[in-house]
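What the coordinates show
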Amino acid sequence: RRSSDLKDGLLVNTKGLTVYTFDKDVANAGKSACNGDCAVKWPPVLAAANDKPQGPYTIVVRDDGRRQWAYRGKPVYTWPEDQEPGDKFGDNYLKVWHIVRQ
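These notes cover the structure that comes with them. Given the structure is predicted, the values throughout are model-derived calculations rather than measurements. (Residues numbered from 1 in each chain as written. Predicted model: local features only at pLDDT ≥ 70, side-chain atom pairs only at ≥ 80, totals over all residues. Heavy atoms only, no water.)

Attention shifts here to the overall build of the protein. Helix and strand content of the protein: one helix and seven strands. Each helix and strand of the protein, ordered N terminal to C terminal, gives the series β-β-β-α-β-β-β-β. Relative to a compact globule of 102 residues, whose C-alpha radius of gyration would be 13 Å, the protein shows 12 Å and is just as compact. Projected onto its principal axes, the C-alpha positions of the protein cover 30 × 30 × 20 Å. (Helix = DSSP H or I, 4+ residues; strand = E, 2+ residues; numbered from the N terminus. Rg over C-alpha atoms; globule rule 2.2 N^0.38 Å.)

Strand order in the open sheet made by the three strands is E4-E5-E6, with antiparallel pairing throughout. Edge strands, defined here as strands with exactly one partner in the open sheet, are strand E4 (57-61) and strand E6 (74-75). Pairing analysis gives five bridges linking E4 to strand E5 (residues 67-71), with the strands arranged antiparallel. By the bridge assignment, threonine 58 is partnered in E5 with alanine 70. (Pairing = 2+ DSSP bridges.)

Our next topic: the pairing of E5. Taking burial as the measure, the five residues of E5 include four buried ones, the bulk of the element. With two bridges joining them, E5 and E6 adopt antiparallel strand pairing. Bridge pairing in E6 places alanine 70 opposite proline 75. The loop that links E5 with its antiparallel partner E6 comprises two residues; one of these, arginine 72, has a positive phi angle of about 50 degrees. (Buried < 20%, exposed > 50% of the residue type's maximum accessible area, 1.4 Å probe, protein only.)

Take the side chain of glutamine 68 next. Take glutamine 68: it is sitting in strand E5. In terms of polar contacts, glutamine 68 uses its side chain to reach the side chain of arginine 62, at 2.7 Å. From its side chain, glutamine 68 meets the backbone oxygen of valine 76 in a polar contact 2.8 Å long. Residues within four places of glutamine 68 in sequence aside, it is in contact with Ser32, Pro44, Val45, Leu46, Ala47, Thr58, Ile59, Val60, Arg62, Pro75, Val76 and Tyr77. (Polar contact = N/O pair within 3.5 Å; in protein donor to acceptor, adjacent residues only side chain to side chain. Contact = heavy atoms within 4.5 Å.)

This paragraph deals with the state of the cysteines. Applying the stated rule across the entire model yields one disulfide. One disulfide in the model links cysteine 34 with cysteine 38; its S-S distance is 2.0 Å. Handedness of the cysteine 34-cysteine 38 disulfide follows from its S-S torsion of about -105 degrees: it is left-handed. By the burial criterion, cysteine 34 is buried, and cysteine 38 matches it. (Disulfide = S-S within 2.5 Å.)

Moving on, we come to the environment of lysine 74. Mapping lysine 74 onto the fold places it in strand E6. Separated by 52 residues in the primary sequence, lysine 74 and phenylalanine 22 place their C-alpha atoms 7.9 Å from one another. Sequence-distant contacts of lysine 74, that is, excluding residues within four places in its chain, are made with Thr21, Phe22, Asp23, Asp25 and Ala27. Among the polar contacts listed, one links the side chain of lysine 74 to the backbone oxygen of aspartate 25, at a separation of 2.8 Å.

Set out below in structure tokens:
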């Protein structure tokens, strides 16, 4: 199972909520630059222990040891203000958070 999929050209999590990338994350670095308070504001899309990378979906290990999904090498996150599928209130937040498009 994957934690994310594409809907209407946007990447979404299993609940259909929009996911985002963070400009401070380096693609294919294998880690997230969003930890501590950042990860409270922008919850990482976590991978279960038995989840396996597939296609453009990979898994990075966070500073706290949890596993997080990445898309094309960039860790992905949700924005708590997005409550319904199709919401994208976090897009371009502080000019460093962006919707993942197909």
